[in-house]
Amino acid sequence: MIDTKHKVLVANRGEIAMRIVQACRKLGLDFVCIYTKEDAASGHAALARQLGGDSHLFRVSSYHDANEILAVADHAKATAIHPGYGFFAEDFRFARRVTERTHPLVFIGPSWRIIRSLGDKINTKRLARSLSIPTVPGSDRPVYDEMEAEEIAETLFAFQAEQGVENSVVLVKASAGGGGMGIEEIHDIDQFKTVYRRVRNYAKRQFHDEGVLIEQRIFDFNHLEVQIVADRTGKGIMHFGTRNCSVQSTGRQKRIEVAPGFRPEEIHYAFNAKKVMDDIVTFSLAMAREVGYDNVGTWEWIVSPTGQPFLMEVNTRIQVENGVSAAIARIHGRDGADVIAEQIRLALGDSLGYDQQDITFEGVGIEYRIIAEDPANRFTPWVGRIDRFTPKAQPWLKFHSHIPGDAAYMIPTEYDPNLALAIVWGRDLAEAKARGVSFLDDMILAGEDQAGAPLRSNVSFLRDKTAALLHF
């Protein structure tokens, strides 16, 4: 059992901050939240006041200011810090500082050494290849020399030509990037030098590392993930199944996630879909055991149209889509799995308390990311005021939003215009999709910008994409 004397500083905002607070309450833990001037009206600030009063909420100038965040932790007598996702979640330097300072805190995430090791895409690829785990063809170490990088690109173009690929594409990626950032594609070797220099300079500015990865572009792929959960011993490592994150924006940002990753019981695939899911789970667990993974993490995979899986990267943090995996997972046969609560208690030293055979899966989950954006205009963010945002309550729906339901809300331009996550469960894919459409049709979402034009959102895009979910 965990020590309930722990107090968790929630170093994030919005819906993930709210879910961390709720998980702390479920575990009997105290908490403290932070907010910025722009987030004064956010639901996470309101929830902190509601559950703990003003003493549980501190204003900071930025979620990126480590000194300020740690000063709040000391003042509030916090003993642990949860970074959520984004911000400091995968910053090994921050995790190391948190745990090795004069007044150390528990970092709720993997150890900083694991974050450092797996946070580098190239290092991850080299580790995977050492374990005979398939990876995307391309470089397996940081490339800093332009001539060497160009030679790798030429090799990949030649390889694609040999494979009969008519429109060859090579990806140039920042090795320390993530979430679709720092990635460009080239269609001709003559473009390479210009793009390489641009990505290298971007990587230096954003990630303080000029390392670049040169990879083959896989077309018409599905994006699958494996949810890993592990305790601090690095030996108790389990999986919470697979999920499919193939519905994305033009900028490769996820918009719909489905668990499990494929549904061969209802859809015919040109390959053995069950074997693919089993294989990527086996590969992910093998790699997690090799590094002694010690908290929650996600192994991200590309699956080709012929059913070939390639490891893409490892995310050493809780992910936005953790809830859709929890929606279909049953521990000891019970509904209500909570990956965030598992992450917290395991980080605080609790043992798993179950084996892989105690985790079963039931039904299909769909997660919608509801965002104020214009999909018809390259998903451009929309800026304005939310006047009404009301989902219709259903027993099969979980709805997470930091948008107040009882007052108008101006979307802060300083942050992404994410409005909510909606997780729908069904006994099978057909029922989950029908319920998903019903949810989207019944939800009330209205607002306007400063010129009086109505709110733009991705709700219609989500609805249109629902019909073909998990088809490949």
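The rules behind the values
Residue numbering note: each chain is counted from 1, following its sequence as written. Confidence filtering applies because this is a predicted model: local features only for residues at pLDDT of at least 70, side-chain atom pairs given and counted only at 80 or more, and all residues used for totals across whole chains, interfaces and linings. Only hydrogens and water are set aside when side-chain values are computed; all heavy atoms of the structure are taken into account. Think of it this way: any DSSP run of H or I at least four residues long counts as a helix, any run of E at least two long counts as a strand, and we number them from the N terminus. Just to be clear, the radius of gyration here is over C-alpha atoms, and the globule rule we use is 2.2 Å times residues to the power 0.38. Per-residue accessibility, obtained with a 1.4 Å probe over protein chains only, is compared with the maximum for each type, and a residue is labelled buried under 20%, exposed over 50%, and partly exposed between these values. Whether two residues are in contact is decided by their heavy atoms, any of which lying within 4.5 Å being enough. Computed with a 1.4 Å probe, the accessible areas rest on the Shrake-Rupley method; for each residue, only the protein chains presented here act as cover. In this scheme, a helix's expected span is set at 1.5 Å multiplied by one less than its residue total. What the arc describes is the spread of directions from the helix axis to the C-beta atoms. Whenever two N or O atoms come within 3.5 Å, that pair is a polar contact, provided that in protein one can donate a hydrogen and the other can accept it, and provided that, for residues adjacent in sequence, both atoms are side-chain atoms. A pair of strands counts as paired when DSSP detects no fewer than two bridges linking them. Fitting a line to C-alpha atoms yields each axis, with helices limited to the stretch in contact; the angle taken between N-to-C directions then spans 0 to 180 degrees. We call a set of buried residues a nonpolar core when its members are Ala, Val, Leu, Ile, Met, Phe, Trp, Tyr or Cys and they connect through side-chain atoms within 4.5 Å of each other. Each aromatic pair joins two rings of Phe, Tyr and Trp (for Trp, the six-membered one) with centres within 6.5 Å, and gets the label stacked for planes under 30 degrees apart, edge-to-face for over 60, and tilted for any other angle. Working rule: Lys NZ or Arg CZ, within 6 Å of ring centre, within 35 degrees of ring normal, means a charge sits over the ring.

A.B. asks: Looking at this model, I keep getting lost on the overall build of the protein chain. Mind explaining?
C.D. replies: Helix and strand counts for the protein chain stand at 13 helices and 23 strands. In summary, the protein chain has a C-alpha radius of gyration of 22 Å against a globular reference of 23 Å for 472 residues, a match within 12%. With respect to the three principal axes, the spread of C-alpha positions in the protein chain is 65 × 55 × 50 Å. Going through the 472 residues of the protein chain one by one, you find that 56% of them count as buried. Partitioning the intrachain contacts of the protein chain with sequence separation of at least 6 by distance along the chain shows that 69% fall at a separation of at least 24. A total accessible area of about 20,100 Å² is found for the protein chain, and carbon and sulfur atoms account for 48% of it.

A.B. asks: Is there a simple way to explain helix H7 (residues 146-162) in this structure?
C.D. replies: Counting along an α-helix, one turn takes 3.6 residues, and residues three or four places apart therefore face a common direction. Here H7 contains 17 residues, and its C-alpha end-to-end distance of 25 Å stays within 8% of the 24 Å for a straight helix at 1.5 Å per residue. Among all positions in H7, only Glu146, Ala149, Glu150, Ala153, Leu156, Phe157 and Gln160 are buried. The arc that holds the buried residues of H7, viewed along the axis, is 120°, so those residues lie on one side. Turned more than 90 degrees off the buried face of H7, the exposed positions are Met147, Thr155 and Glu162. On its buried face, H7 is in contact with strand S6 (170-174), strand S7 (183-186), helix H8 (192-207) and strand S8 (212-216). Two to three positions downstream of the cap, the backbone nitrogen of methionine 147 sits 3.2 Å from a side-chain oxygen, assigning the N-cap of H7 to aspartate 145. Directly after H7, the chain includes glycine 164, whose backbone phi takes a positive value near 80°.

A.B. asks: Looking at this structure, I do not really get the sheet that holds S6. What am I missing?
C.D. replies: Strands belonging to one sheet form pairs held by backbone hydrogen bonds; the direction of such a pair is parallel or antiparallel. Read across the open sheet, the three strands follow the order S7-S6-S8; overall the sheet is antiparallel. One side of each edge strand has no neighbouring strand; the edge strands of this open sheet are S7 and S8. Direction aside, neighbouring strands of the sheet carry axes that sit 25° apart on average. Strand direction decides the pairing type here: S6 and S7, joined by four bridges, are antiparallel. When the bridges of S7 are listed, valine 172 appears paired with glutamate 184. Most of the contacts of H8 go to S6, to which it runs at about 25°, and overall it touches S6, S7 and S8.

A.B. asks: Hey, could you run me through unusual backbone geometry in this one?
C.D. replies: In most cases, non-glycine residues show a negative phi, while peptide bonds are predominantly trans. For the bond running from alanine 259 to proline 260, omega is 5°, close enough to zero to count as cis. Of note, phenylalanine 87 is a non-glycine position whose phi angle comes to about 45°, a positive value. Inspection of the secondary structure assignment puts phenylalanine 87 in the loop between strand S4 (80-82) and helix H4 (92-100). The phi angle at histidine 208 is positive, at roughly 60°, despite the residue not being glycine. Its place among the elements puts histidine 208 in the loop between H8 and S8. We classify histidine 208 as exposed; its relative accessible area is 69%.

A.B. asks: Would you mind going over the side chain of arginine 345 with me for this structure?
C.D. replies: One can find arginine 345 in helix H11 (residues 339-347). Polar side-chain contacts of arginine 345 include one of 2.9 Å to the side chain of glutamate 342. Among the polar contacts listed, one links the side chain of arginine 345 to the backbone oxygen of serine 351, at a separation of 2.6 Å. Among residues more than four places away in sequence, those in contact with arginine 345 are Ile2, Leu27, Asp350, Ser351, Leu352 and Tyr354.

A.B. asks: What am I meant to see in the nonpolar core here?
C.D. replies: Nonpolar side chains in soluble globular proteins tend to be buried together. Leu9, Leu29, Ile81, Phe240, Ile344 and Tyr354 are the most contacted members of the largest nonpolar core, which totals 67 residues. The biggest single contributor to this core is helix H1 (residues 14-26), with seven residues. Listed in part, the 61 residues of the second largest apolar core include Ile133, Leu311, Leu440 and Phe461.

A.B. asks: What should I look at first to understand the packing of aromatic side chains in this one?
C.D. replies: All told, the structure shown has 18 aromatic pairs when counted by the stated rule. Ring centres of phenylalanine 271 and phenylalanine 472 lie 5.8 Å apart, and the angle between their planes is 75°; on these two criteria the pair is classed as edge-to-face. Here the residue phenylalanine 271 occupies a position in the loop between strand S11 (254-259) and helix H9 (273-291), and phenylalanine 472 occupies one in the segment after helix H13 (459-466), the gap between them amounting to 201 residues. Note on phenylalanine 271: relative accessible area 13%, which makes it buried. Aromatic rings pair up to connect Phe262, Tyr269, Phe271 and Phe472 into one cluster. It is arginine 96 that lies over the ring of tryptophan 112; its NZ or CZ is 5.0 Å from the centre. Across the ring face of phenylalanine 92, the terminal group of arginine 116 is positioned such that the distance to the ring centre comes to 5.8 Å.

A.B. asks: How do you make sense of the sheet that holds strand S21 (residues 409-410) when you look at a structure like this?
C.D. replies: Across the sheet, which stays open at both edges, the three strands sit in the order S21-S19-S23 with antiparallel pairing between neighbours. Edge strands, defined here as strands with exactly one partner in the open sheet, are S21 and strand S23 (444-448). As judged from the five bridges shared by strand S19 (residues 385-390) and S23, these two strands associate in the antiparallel manner. Each bridged residue has a counterpart across the sheet, and for phenylalanine 389 the counterpart in S23 is leucine 445.

A.B. asks: Help me out: how do you make sense of the environment of glutamate 373 in this one?
C.D. replies: Tracing the sequence through the fold places glutamate 373 in strand S17 (residues 373-374). The class for glutamate 373 is buried, based on a relative accessible area of 2%. Measuring from C-alpha to C-alpha, the distance between glutamate 373 and valine 383 comes to 8.3 Å, with ten residues separating the pair along the chain. Apart from residues lying up to four places away in sequence, glutamate 373 is in contact with Arg255, Phe379, Thr380, Pro381, Trp382, Arg456, Ser457 and Asn458. Polar side-chain contacts of glutamate 373 include one of 2.8 Å to the side chain of arginine 255.

Honestly, it's all geometry; don't read function into it.
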